[in-house]
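The residues making up each chain are set out below.
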Amino acid sequence: MVQCDLGGDCCPRDPVTDKRMKMDGWINLLICFTPVCICTRRGYARVNYPSLRLFVMTTNYRRVSDTCKRHRRDSSTMEESNCITNQKTVVAVVGGGLVGSLNACFFAKRGFHVEVFESRGDIRCAKKVKGRSINLALSHRGRQALKHVGIEEKIVSKGIPMHARMIHSLSGKQTPIPYGKKGQYILSIDRANLNKELLTVAEAYPNTKLNFDHKLQDWSPETGQMTFIRADGAKDQIEADLIVGCDGAFSAVRKQFLRRSRFNYSQTYIPDGYMELTMPPVNGEFAMEPNYLHIWPRNAFMMISLPNLDKTFTCTLFMPFENFEKITTGDEVIEFFQEYFPDATPLIGVDALKRDFFCLPAQAMVSVKCSPYHIGDKCVLMGDAAHAVVPFYGQGMNAGFEDCIVFDEIMNEFSEDLGAVLPEYSRVRVPDDQAIADLAMYNYIEMRAHVNSKWFLFRKHVDNFLHMLMPNTIVPLYTMVTFTRTRYHKAVEHWQWQNKVINQVLMLTAVGATVAGSCLLIKRRTDVIKMGLSAEEMWNRILALKTF
Ligand SMILES: NC(=O)C1=CN([C@@H]2O[C@H](COP(=O)(O)OP(=O)(O)OC[C@H]3O[C@@H](n4cnc5c(N)ncnc54)[C@H](OP(=O)(O)O)[C@@H]3O)[C@@H](O)[C@H]2O)C=CC1
Ligand SMILES: Nc1ccccc1C(=O)C[C@H](N)C(=O)O
């Protein structure tokens with residue numbers, strides 16, 4: 001048994017011979033460089049398999065020793081043995097976005113040698129971070145994952161709690177609808193900052209290397225060999241034991257899956273697009289109440305607004321593309337905003353609206369479902385690469401982060417046997433990710449239309465009241481999804497069951513009340529007549545109640 005103490009033997013074993021490596025790093029490097037140089041003469045830098053292996057072994061030797069030293073200080077025997085047994089496994093995480101960088105931390109914690117390949121440059125050095133920017137809403141699942149890598153508190157301290165939806169009516173009246181019980185909230189988070197923090201945490205592991213400007217072009221499921229194109233057009237060929245595809249909704253890793261039999265795939269663009277606008281601070285303060293997710297629900301479309309740390313709000317208008325296309329001039333923009341968002345118009349500013357509305361065209365939103373998520377013991381998809389969802393539940397990132405926890409839990413359960421872990425991960429995770437994809441579609445209708453309905457608000461009160469009486473039996477859907485780690489598909493099943501039960505109970509109560517009321521009326525017919533109410537007036541009063 002290899003010991004992992006400072007004075008003892010902490011050398012990694014050669015993955016092929018299983019002998020302990022005590023080679024001089026310099027000799028190793030020399031051997032490495034020979035094939036690289038020959039290939040460079042052909043016009044591109046090609047790192048072939050044996051050289052990468054040797055290179056990885058060299059770096060492993062150094063990095064794994066460091067990891068072991070660190071673990072020894074933590075005096076965790078379990079971790080020590082992990083870092084020795086896993087030294088052979090090279091994990092390539094493709095995509096250094098939110099899920100990729102977090103995943104790198106999970107694998108690094110296990111002592112694997114982790115290489116992250118990201119198509120962009122290092123966003124920590126960029127002046128402006130390109131790409132989608134719909135505000136993130138961090139909730140329980142995402143927080144649990146961040147806690148696992150020790151940065152929950154840091155990220156939470158930079159988030160803005162949103163305790164409730166704030167509904168803006170056409171007349172400008174604002175009505176809050178709490179997300180859950182007192183003290184329950186979601187957090188408005190800056191995506192770029194979170195991504196930067198996660199990259200920094202990943203990089204701090206001595207057994208992790210971040211490779212920016214590496215865009216995956218192709219890979220082989222048989223050998224695990226990947227071809228990357230670098231920013232200067234040069235190609236790198238790299239091999240890994242496990243490829244983790246975290247390269248987003250248009251994943252290049254997933255392309256290989258599409259060529260295989262019995263791989264299910266669907267992609268749906270919704271007919272609506274989104275456009276982001278900024279609401280600046282007023283006199284250095286937030287222009288509206290900051291601790292809410294503001295919604296202007298207009299049935300067929302909506303605008304939402306989430307607070308940022310710089311006291312601005314990011315307003316996002318979600319609307320069918322055809323409506324966007326009807327607005328072609330600055331005056332039409334103002335007319336549209338005055339009609340549907342009169343209270344927000346002066347806060348965003350007429351000039352800014354006229355200008356910003358035409359800066360970028362409305363962006364599309366796609367939902368991707370696929371299964372399974374793995375190929376043999378070689379490759380697994382996570383985050384948007386496995387399940388891009390529309391943004392309306394604010395669960396895209398949380399689900400992607402939870403993917404990392406679920407994978408980690410299964411790794412424990414199956415003692416890191418990738419041949420068993422990967423199929424189990426697909427089995428467990430596919431139904432949950434598909435459930436949240438459907439819920440995200442549903443939540444658009446809830447946010448833009450249902451929140452206007454008195455019946456919906458009444459049902460919310462009923463659900464909350466019953467939840468208070470029977471906290472384990474009746475749990476509002478939003479609570480299960482956002483404030484617990486109830487499996488998404490179980491949450492949907494439970495929601496459907498409790499809806500049926502509550503609606504039946506309400507129906508019976510209504511019938512009972514009507515019967516009782518009618519009996520009373522008949523019994524006191526004379527009193528009603530005395531009140532001078534005609535049958536028609538009675539009927540009108542009943543109709544007035546129906547709008548409720
Ligand atoms: N609110 C928002 O605007 C956004 C939210 N999110 C949230 O984050 C969640 C999870 O995101 P995640 O799964 O990490 O996906 P992301 O899209 O955030 O990250 C994927 C990363 O992989 C990179 N990439 C893409 N193709 C390749 C390739 N061929 N080779 C190497 N790198 C590649 C992407 O770069 P590039 O972008 O240049 O293609 C990107 O940096 C989403 O579900 C969503 O909810 C994510 C993005 C935006
Ligand atoms: N972050 C988002 C981005 C776009 C659209 C919605 C959200 C939400 O978070 C919605 C929230 N969960 C809600 O149900 O009110």
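Conventions used here
- Residues numbered from 1 in each chain as written.
- Chains lettered and ligands numbered in written order.
- Predicted model: local features only at pLDDT ≥ 70, side-chain atom pairs only at ≥ 80, totals over all residues.
- Heavy atoms only, no water.
- Near = heavy atom within 4 Å.
- Polar contact = N/O pair within 3.5 Å; in protein donor to acceptor, adjacent residues only side chain to side chain.
- Areas by Shrake-Rupley, 256 points an atom, 1.4 Å probe, with all protein chains shown as cover.
- Helix = DSSP H or I, 4+ residues; strand = E, 2+ residues; numbered from the N terminus.
- Nonpolar A, V, L, I, M, F, W, Y, C, P; charged D, E, K, R; others polar.
- Pairing = 2+ DSSP bridges.
- Axes fitted to C-alpha atoms, helices over the stretch in contact; angles between N-to-C directions.
- Phe/Tyr/Trp six-rings, centres within 6.5 Å; stacked < 30°, edge-to-face > 60°.
- Buried < 20%, exposed > 50% of the residue type's maximum accessible area, 1.4 Å probe, protein only.
- Arc of directions from axis to C-beta.
- Contact = heavy atoms within 4.5 Å.
- Expected span 1.5 Å × (residues − 1).
- Bend = angle between axes of the 7 residues up to and from the residue.
- Patch = residues over 30% accessible without salt bridge, like charges linked within 9 Å, V, L, I, M, F, W, Y side chains within 5 Å.
- Salt bridge = Lys/Arg side-chain N within 4 Å of Asp/Glu carboxyl O.

Notes on the site of ligand 1
Taken together, 25 residues lie near ligand 1, and Glu118, Arg120, Ile134, Leu216 and Asp384 sit nearest. One of the backbone N or O atoms of Val99 is found 3.0 Å from an oxygen atom in ligand 1. Between ligand 1 and Glu118, the relevant distance is 2.9 Å, taken from an oxygen atom to a side-chain nitrogen or oxygen of the residue. When ligand 1 is considered free in solution it has 880 Å² of accessible area, and contact with the protein chains removes 85% of it. Broken down by element, the shell around ligand 1 gets its largest block of residues, three residues, from strand S9 (residues 214-219). Here the shell around ligand 1 is composed, by residue class, of ten nonpolar, eight polar and seven charged.

With respect to the sheet that holds strand S10 (residues 225-230)
Read across the sheet, three strands follow the order S9-S10-S11 without closing on themselves; strand pairing throughout is antiparallel. Both outer strands of the open sheet, S9 and strand S11 (235-239), are each paired with one neighbouring strand and no more. Each neighbouring strand pair of the sheet contributes to a mean axis angle of 30°, computed without reference to strand direction. Sheet topology places S9 next to S10; five bridges connect them, and they run antiparallel. Of the residues in S10, the one forming a bridge with Trp219 is Met226.

Notes on the packing of aromatic side chains
The full count for this structure, using the stated rule, is 25 aromatic pairs. Centroid distance Phe286 to Phe313: 5.4 Å. Interplanar angle 65°. Geometry classified as edge-to-face. With a gap of 27 residues between them, Phe286 in the loop between strand S13 (264-279) and strand S14 (292-297) and Phe313 in strand S16 (residues 313-320) connect regions that are remote in the sequence. Taken individually, Phe286 and Phe313 each receive the classification buried, so the pair is uniform in this respect. Taken together, a centroid distance of 6.2 Å and an interplanar angle of 85° make the contact between Phe301 and Phe341 edge-to-face. Separated by 40 residues along the polypeptide, Phe301 in the loop between S14 and strand S15 (302-307) and Phe341 in the loop between helix H10 (330-340) and helix H11 (345-348) bring together distant segments of the chain. Taken individually, Phe301 and Phe341 each receive the classification buried, so the pair is uniform in this respect.

Description of the pairing of S10
Linking S9 to S10, which pair antiparallel, is a turn of five residues; within it Gly224 sits at a positive phi near 80°. With five bridges joining them, S10 and S11 adopt antiparallel strand pairing. By the bridge assignment, Gln225 is partnered in S11 with Glu239. Connecting S10 to the next strand, S11, in antiparallel fashion are four residues, including Gly233 with a positive phi near 90°.

Comments concerning H10
It helps to recall that an α-helix has 3.6 residues per turn; residues three or four apart then point in one direction. Turning to H10, its buried residues are Gly330, Val333, Ile334, Phe336 and Phe337. In a view along the axis of H10, the buried residues occupy a sector of 160°, so they form one face of it. Away from its buried face, by an angle of more than 90 degrees, H10 presents the exposed residues Asp331 and Glu335. Contact partners of the buried residues in H10: S13, S15, S16, H11 and helix H12 (350-356).

Topic: helix H15 (residues 418-448)
Between its first and last C-alpha atoms H15 spans 44 Å; for 31 residues at 1.5 Å apiece the expected length is 45 Å, and the two agree. For H15, the principal kink sits at Arg429 and spans about 35°; a proline, Pro431, occurs within the next four residues.

Focus: the site of ligand 2
Of all residues adjacent to ligand 2, which total 15 residues, the nearest are Arg165, Tyr179, Tyr393, Asn443 and Tyr478. For ligand 2, a nitrogen atom lies 3.2 Å from a polar atom in the backbone of Tyr393. Coverage of ligand 2 by the protein amounts to 99% of the 370 Å² it exposes when considered alone. For the shell around ligand 2, the residue count by class is eleven nonpolar, three polar and one charged.

Some points on the environment of Glu493
Among the secondary structure elements, Glu493 is positioned in helix H18 (residues 488-523). According to the relative accessible area criterion, Glu493 is partly exposed, its value standing at 43%.

Remarks on the sheet that holds strand S6 (residues 174-178)
Taking strand neighbours across the sheet as the criterion, the seven strands line up as S6-S5-S14-S15-S16-S13-S17 in an open arrangement whose pairing is mixed. Edge strands, defined here as strands with exactly one partner in the open sheet, are S6 and strand S17 (363-371). Direction aside, neighbouring strands of the sheet carry axes that sit 30° apart on average.

Things to note about a nonpolar patch on the surface
Among the surface-exposed residues, Phe465, Met468, Leu469 and Met470 lie close enough to one another that they form a single nonpolar patch of about 430 Å² accessible area. According to the relative accessible area criterion, Met470 is partly exposed, its value standing at 34%.

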